[in-house]
Amino acid sequence: MLEISEDGRTWVLSGPASSYAVHVTDRDELLHLHWGPRIGLADAEALAVRPLPDYWPFESPLDGREEYPVEGGPRFVRPALSVRTAGRRGTEWRFEGHDAGDGELRLRFRDGDLAVTLHYRMPSATDVVERWVTLDNRGPDAELLRADSATWTLPDRDAWRLSQLHGRWGAESRLTRSGLTHGEKVIGSRRGHTSHQHLPWVALDTDATEERGEVYGCALGWSGSWRIAVAQLPDERVQITGGAGYDESGLLTLGTGESYTTPVFAGLWSEGGFGGASRAWHAYQRAHVIPDAGRDRPVLFNSWEATEFDISEEQQRALAERAAAMGVELFVVDDGWFGARTSDRAGLGDWTPNPDRFPGGLKPLADHVHGLGMQFGIWVEPEMVNADSDLYRAHPDWVQYQPGRKRTEFRNQLVLNLARDDVREYLWGQLHGLLADAPVDYVKWDFNRCFTDAGWPDDPYPQRLWVDHVRGLYALLDRLRAAHPGVAFESCSGGGGRIDLGVLSRTDQVWTSDNTDPLDRLAIQHGFSQIHPARVMAAWVTDSPNVMLNQRASSLRFRFVSAMAGVLGVGGDLTRWTGEELAEAREWVELYKEIRPMVQRGDQYRLRPPQGGLSAVQYVLGDETVVLAWLQAQRYGEPVPALRLCALDPAASYECLETGEIHRGAVLLHHGLRVGLRGDLDATVVRLKRK
Ligand code: DGJ
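Treat the numbers as computed from the prediction; the structure is a model and nothing was measured.

Calculation rules
Residues numbered from 1 in each chain as written. Predicted model: local features only at pLDDT ≥ 70, side-chain atom pairs only at ≥ 80, totals over all residues. Heavy atoms only, no water. Helix = DSSP H or I, 4+ residues; strand = E, 2+ residues; numbered from the N terminus. Rg over C-alpha atoms; globule rule 2.2 N^0.38 Å. Buried < 20%, exposed > 50% of the residue type's maximum accessible area, 1.4 Å probe, protein only. Contact = heavy atoms within 4.5 Å. Axes fitted to C-alpha atoms, helices over the stretch in contact; angles between N-to-C directions. Parallel < 35°, antiparallel > 145°, perpendicular 65-115°, else oblique. Left-handed = near helix turned anticlockwise from the far one by under 90°. Near = heavy atom within 4 Å. Polar contact = N/O pair within 3.5 Å; in protein donor to acceptor, adjacent residues only side chain to side chain. Areas by Shrake-Rupley, 256 points an atom, 1.4 Å probe, with all protein chains shown as cover. Nonpolar A, V, L, I, M, F, W, Y, C, P; charged D, E, K, R; others polar. Patch = residues over 30% accessible without salt bridge, like charges linked within 9 Å, V, L, I, M, F, W, Y side chains within 5 Å. Salt bridge = Lys/Arg side-chain N within 4 Å of Asp/Glu carboxyl O. Lys, Arg positive; Asp, Glu negative; His and termini not counted. Charge placed at Lys NZ, Arg CZ, Asp CG, Glu CD. Domains from an automatic or database assignment. Disulfide = S-S within 2.5 Å. Expected span 1.5 Å × (residues − 1). Arc of directions from axis to C-beta. Pairing = 2+ DSSP bridges. 1 Å grid on protein atoms, 1.4 Å probe; cavity = no way out; pocket = protein on both sides within 12 Å on 5 of 7 lines; lining within 4 Å. Points joined across faces, edges and corners; volume = space filled by probe spheres on them.

Undergrad: Mind showing me how you'd approach the overall build of the chain here?
TA: Each helix and strand counted, the chain has 13 helices and 38 strands in total. Here the C-alpha radius of gyration of the chain, 26 Å, is about what a compact globule of 691 residues would show, namely 26 Å. Projecting the C-alpha coordinates of the chain onto the three principal axes gives extents of approximately 75 × 70 × 40 Å. Of all 691 residues assigned to the chain, the portion counted as buried reaches 61%. A fraction of 67% describes how many contacts in the chain between residues 6 or more apart in sequence connect residues 24 or more apart.

Undergrad: Before we go on, may I ask you to explain the packing of helix α10 (residues 518-528) against helix α11 (residues 556-563) in this structure?
TA: How two helices pack is summed up by the angle between their axes together with the distance between the axes. Following both chains from N to C, one finds α10 and α11 inclined at 20°, their axes separated by 9 Å at the closest point. Comparing the axis directions of α10 and α11 gives the class roughly parallel. Classified by chirality, the crossing of α11 by α10 is left-handed. In this structure, α10 contributes Pro518, Leu519, Arg521, Leu522 and Gln525 to the contact, and α11 contributes Phe558, Arg559 and Ser562.

Undergrad: Before we go on, may I ask you to explain the site of the ligand in this structure?
TA: Taken together, 14 residues surround the ligand, and among them Asp334, Asp335, Lys444, Asp446 and Asp514 come closest. Asp335 is positioned such that a nitrogen or oxygen atom in its side chain is 2.6 Å from an oxygen atom of the ligand. The backbone of Gly495 places a nitrogen or oxygen atom 3.0 Å from an oxygen atom of the ligand. Here the ligand loses 98% of its free accessible area of 290 Å² to cover by the protein chains. Broken down by class, the residue content of the shell around the ligand amounts to five nonpolar, three polar and six charged.

Undergrad: I keep staring at a negative patch on the surface and nothing clicks. Help me out?
TA: A contiguous patch of negative charge, built from Glu580, Glu584, Glu587 and Glu590, is present on the exposed surface. Glu590 gets classed as partly exposed once you look at its relative accessible area, which sits at 44%.

Undergrad: Help me understand the domain arrangement of the chain in this model?
TA: Parsing the chain into structural domains produces domain 1 (71-288), domain 2 (300-601) and domain 3 (608-690). Taking only C-alpha atoms into account, the centre of domain 1 sits 38 Å from that of domain 3.

Undergrad: Please clarify how the state of the cysteines should be interpreted in this entry.
TA: Covalent bonding between the sulfur atoms of two cysteines defines a disulfide. In total, this model carries zero disulfides according to the counting rule given. Cys656 takes part in no disulfide bond, and the closest cysteine sulfur, belonging to Cys646, lies 17 Å away.

Undergrad: Help me understand the pattern of salt bridges in this model?
TA: Opposite charge on two side chains allows them to pair when their charged atoms are near. All told, the structure shown has 49 salt bridges when counted by the stated rule. Its salt-bridge partner being Arg393, residue Asp390 comes within 3.0 Å of it at the nearest N-O pair. Of this pair, Asp390 and Arg393 both sit in helix α6 (residues 390-394), three residues apart, roughly one helical turn. For the salt bridge of Arg471 with Asp468, the shortest nitrogen-to-oxygen distance reads 3.1 Å. One end of the pair, Arg471, and the other, Asp468, are both in helix α8 (residues 465-483), three residues apart, so they sit about a helical turn from each other. On the basis of relative accessibility, which here comes to 28%, the residue Arg471 falls in the partly exposed class. Assessed through its relative accessible area of 16%, Asp468 is described here as buried.

Undergrad: Got a minute to help me understand helix α7 (residues 421-437) in this structure?
TA: Residues three or four positions apart in an α-helix share a direction because the helix packs 3.6 residues into each turn. An ideal rise of 1.5 Å per residue puts 24 Å on 17 residues; α7 measures up with 24 Å between its terminal C-alpha atoms. Those residues of α7 not exposed but buried are Val423, Leu427, Trp428, Leu431, Leu434 and Leu435. Each buried residue of α7 sits inside an arc of 140° when the element is viewed along its axis, so together they form one side. Looking at α7, the residues exposed on the side facing more than 90 degrees away from the buried face are Asp421, Ala436 and Asp437. Of the surrounding elements, those touching the buried residues of α7 are β25 (375-380), β28 (442-445) and α8.

Undergrad: What is the right way to look at the pairing of strand β22 (residues 265-270) in this model?
TA: Working note: regular strand, side chains alternate between the two faces of the sheet. Of all six residues in β22, six are buried, a share of seventy percent or more. Because side chains alternate across β22, one face comprises the buried residues Phe265, Gly267 and Trp269, and the other comprises Ala266, Leu268 and Ser270, equally buried. Two elements, strand β10 (residues 128-137) and β22, share four bridges in a ladder whose sense is antiparallel. When the sheet's bridge partners are listed, Val129 is paired in β22 with Gly267.

Undergrad: Just checking my understanding: could you explain the sheet that holds strand β19 (residues 238-244) for this structure?
TA: Strand pairing in a sheet relies on backbone hydrogen bonds, with the paired strands running either antiparallel or parallel. Read across the open sheet, the four strands follow the order β12-β19-β18-β15; overall the sheet is antiparallel. Two strands close off the open sheet at either side, each with one partner strand: β12 (150-153) and β15 (183-189). Across the sheet, the mean angle from the axis of one strand to that of its neighbour is 15°, orientation sign disregarded. Bridge analysis of β12 against β19 gives four bridges, and the strand direction is antiparallel. Bridge pairing in β19 places Thr151 opposite Thr241.

Undergrad: Is there a simple way to explain empty space enclosed by the protein in this structure?
TA: Picture a little ball the size of a water molecule; that probe, rolled over the atoms, points out where space is still empty. Counted according to the given criterion, the structure contains nine cavities of 30 Å³ or more. Roughly 150 Å³ of internal volume is contained in the largest cavity. Taken together, 19 residues make up the lining of the largest cavity; nearest its centre are Leu522, Gln525, His526, Gln604 and Val617. Where the lining of the largest cavity is concerned, the elements lending two or more residues are α10, β33 (603-608) and β34 (614-621). When its residues are assigned to classes, the lining of the largest cavity shows eleven nonpolar, six polar and two charged. When residues of the lining of the largest cavity are sorted by domain, at least three fall in each of domain 2 (300-601) and domain 3 (608-690).

Undergrad: Which parts of the structure should I look at to understand the sheet that holds strand β31 (residues 537-541)?
TA: In spatial order, the strands read β23-β24-β25-β28-β29-β30-β31-β32; together these eight strands close into a barrel with parallel pairing. Pairs of neighbouring strands in the sheet enclose a mean axial angle of 30°, with direction left out of account. Direction of pairing for β28 relative to strand β29 (residues 488-491): parallel, over a ladder of four bridges. Looking across to β29, one finds that Tyr442 is bridged to Ala488. Most of the contacts of α11 go to β31, to which it runs at about 170°, and overall it touches β31 and β32 (567-570).

Undergrad: What is the right way to look at the side chain of Gln509 in this model?
TA: With respect to the element layout, Gln509 can be found in strand β30 (residues 509-511). Note on Gln509: relative accessible area 1%, which makes it buried. Among the polar contacts listed, one links the side chain of Gln509 to the side chain of Arg297, at a separation of 2.8 Å. Polar side-chain contacts of Gln509 include one of 3.0 Å to the side chain of Glu490. Beyond its immediate sequence surroundings of up to four residues, Gln509 is in contact with Arg297, Leu300, Tyr442, Phe489, Glu490, Ser491, Val536, Ala538 and Val567.

Next comes the structure, spelled out in structure tokens:
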């Protein structure tokens, strides 16, 4: 809902529980008024007439109060917008007016030839505010040093706390929480992709707990380099500014008649604690970001850990047969099926089946997989090329490089320049052909190295390649999705190196981490769930001991219950699993299919975080709920605590589908459920149905 004051200078956007209000003064200063519980226009107007503090001359009264601080004038905060035009720096805008329609509010400003429009949208039935900015240049070149998507302003409170998700390859999305101090905390990526190191999300609270208290969250929808700066100003006010690009050294130059649209930076206020905020983010993504989120994701098998590069059609058929017998619904051939790809040294760029490995192409295997009742998927890494490939031999200038400089190889590969039309067109031809030639239902789209030499002839570093590569990726994905609407896509980047709201709006799920150790995964999944729903979080059961990483041995039970907290997959070498293991796995897959609607579409409650002892999550959908619990290690003499459940009707009874036991809702809520775990690395699934 949008309310507008009579003079057209105060606006209030409201969702089911929250409101967001801004005001333009008669000096054309755009002030932030409110972000928090629902208010009406009269409240916003009362806030608008509160005088600004009298701070001169060493502080600016605008600092910490402006909705989108531009560079220049009486401001000392980090500018969201920093522009150079012929002989002039900074921005001094005039308010031109607003327009509203299609659920969107647009506030229009102009500085000479540069039009700046601030966009706001609160998609239906959510408290998420989506913000972005468009810049239109009618004059000579305007250099955008920085053009952030939004600045978010928090209300005055005594002590703010910042939550963030940091990590590295194999250890993504680790949650940390620390008190904010004066100055700035800057997170981001200067790697050309979202990165394993930080997810583009922050949350701020003062005293929230998992299920209570105010939490503000912001998440950026961009899959390239990015930056979010959280600043605590001298008068304690806190602002969060974020957008595409890491540095101030130049995002891109807008020529005459050119425009730039920033990615969306979404913000959410919740008073339901961290859990309430996460559930609101999940619901928003399922309803407004993730394509077709009402459709549950199938159980998949992926061949990577089983075979790595050593693959053949016969061996994939054998794996497929075992996977099908286990109840798997989608069989994915990972790396190694194309070109001269017998190791990571060759083949990237040549997207035709390797004739020695797949003499008849992929179709015979795809048909076999379909015949077994499963969907068929393949792995690709379209943005990359090995120097040892036909593509690179034909087009060495198609990669990102700086003329006269070394071309840095990571994992023996170079990054193609997707800002180039010819490169995108080539990739479109290859991928479209691939999807047309074999009945492919699923594409795992990988990205296994960061940008290092981002340049191309005549356009030296830094330049718009950083932005246009990402736009090129989005355009390619959009075009492929439109041409092949039946094909689902997974975003992967050496695990979780490209997970953000931008890529999630055009992919069906993401590969969470290359770390498939089921215990390590609990911490990764705990962090992931802060912002993203289980519906997109792919998790595989692999071999024990874990061959890829830490050699930890764990039971099939523990591995399955860990992976069942997301989109279940199996990634072990099934040709080496015993008959008993295969039979047990089949039972787990069957159980997962029963709880899948709750996991993938339900509300998630984090009952206990993974911190050494007992941890658990609960999913609730309608009258059914399921609890997944893990015991990392049991100390002698310490009982395993009962799990206090959430979101049940205290007056109702619930039947445990595992034991037939009847539980009182009030007892489960207040005294908890005993899960009977013991020893080390134990796990269980408990389903409860309202009687
Ligand atoms: C990195 C991915 O995260 C893995 O799952 C696998 O697909 C490899 N790349 C293949 O090269």
